[in-house]
Each structure stands twice: as C-alpha cells, then as structure tokens.
Amino acid sequence: YIDDLFSVLARSRFGCYIDNVFYGIYGYADDLVLLSPNRFGLQCMLKLAKSFLEKLGLKISVNHVVPKKSKTQCVAFRIKRDPHPISLNGINLP
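As the structure is a prediction and not an experimental result, all values here were calculated from the model. (Residues numbered from 1 in each chain as written. Predicted model: local features only at pLDDT ≥ 70, side-chain atom pairs only at ≥ 80, totals over all residues. Heavy atoms only, no water.)

1. A word on the pairing of strand β3 (residues 25–28)
One ladder, built from four bridges, connects β3 with strand β4 (residues 31–34); its direction is antiparallel. Bridge pairing in β4 links Gly27 to Leu32. Where β3 folds back onto β4 in an antiparallel hairpin, the turn is made up of two residues, including Ala29, whose phi is positive at roughly 55°. (Pairing = 2+ DSSP bridges. Helix = DSSP H or I, 4+ residues; strand = E, 2+ residues; numbered from the N terminus.)

Right under this line is the structure:
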C-alpha cells in the first residue's frame, strides 16, 4: 500500500530526477528516504508524505522530547553553512 506514496511524490514534481526518471524516494521495509536538490522541495515532499501516511493511520517517527534522537533526520550535502531546518509537526528535524 505504500507504493502509492512513490507515485504521489513523483507526480508532485518535487525531488530528484535524472533524464525525467524520478529518484526522489527510496524505500526498504518500513524505512523511507526522501531526496531533493533543495530545501523547499524536501519540505514539500515531507508534507505530502505525512499527509499520505496519516490517511493510512501511520505516523513518521519523531522524538518530541529529544529531537536529535529521532529516527527521522535530514542530511545536506555540499552546504557550507547550516541550512534552514526541515520541520515536521512544528519540530525542526536534526
């Protein structure tokens, strides 16, 4: 049932593309990785994923007490300064 999320994100036109092939999400078991060339696209993809998963009764894992211990985290490559944070449920992801 999670396959539909891949289609939702591909249709959004956010995320990474190579030769018009969507590479914006990878999944294995219950783990997902979202890929975007920019912060804005990643924030939009996360919002779409959250909405999609909530309709299925699923939640994205975030430690509200100690966000740095969250399973959900962000990585930015080739950035010389800290980027503006990506947020989920009003919490900035580490």
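2. Structural notes on the packing of aromatic side chains
Counted under the stated rule, the structure contains two aromatic pairs. When the ring of Phe14 is compared with that of Phe40, the centres are 5.9 Å apart and the planes differ by 70°; the resulting orientation is edge-to-face. Residue Phe14 is located in the loop between α1 (3–12) and β1 (17–18), and its partner Phe40 is located in helix α2 (residues 39–55); the two are separated by 26 residues in the primary sequence. A residue is classified by how much of its surface remains accessible, and Phe14, at 25% relative accessible area, is partly exposed. (Phe/Tyr/Trp six-rings, centres within 6.5 Å; stacked < 30°, edge-to-face > 60°. Buried < 20%, exposed > 50% of the residue type's maximum accessible area, 1.4 Å probe, protein only.)

3. Some thoughts on the packing of α1 against α2
As a packed pair, α1 and α2 sit with axes 10 Å apart at the nearest point and diverge in direction by 145°. For the pair α1 and α2, the sense of crossing is right-handed. Residue-level inspection shows Asp4, Leu5, Val8, Leu9 and Ser12 of α1 in contact with α2, the latter providing Met45, Leu48, Ala49, Phe52 and Leu53. Across the contact of α1 with α2, the residue classes break down as eight nonpolar, one polar and one charged. (Axes fitted to C-alpha atoms, helices over the stretch in contact; angles between N-to-C directions. Left-handed = near helix turned anticlockwise from the far one by under 90°. Contact = heavy atoms within 4.5 Å. Nonpolar A, V, L, I, M, F, W, Y, C, P; charged D, E, K, R; others polar.)

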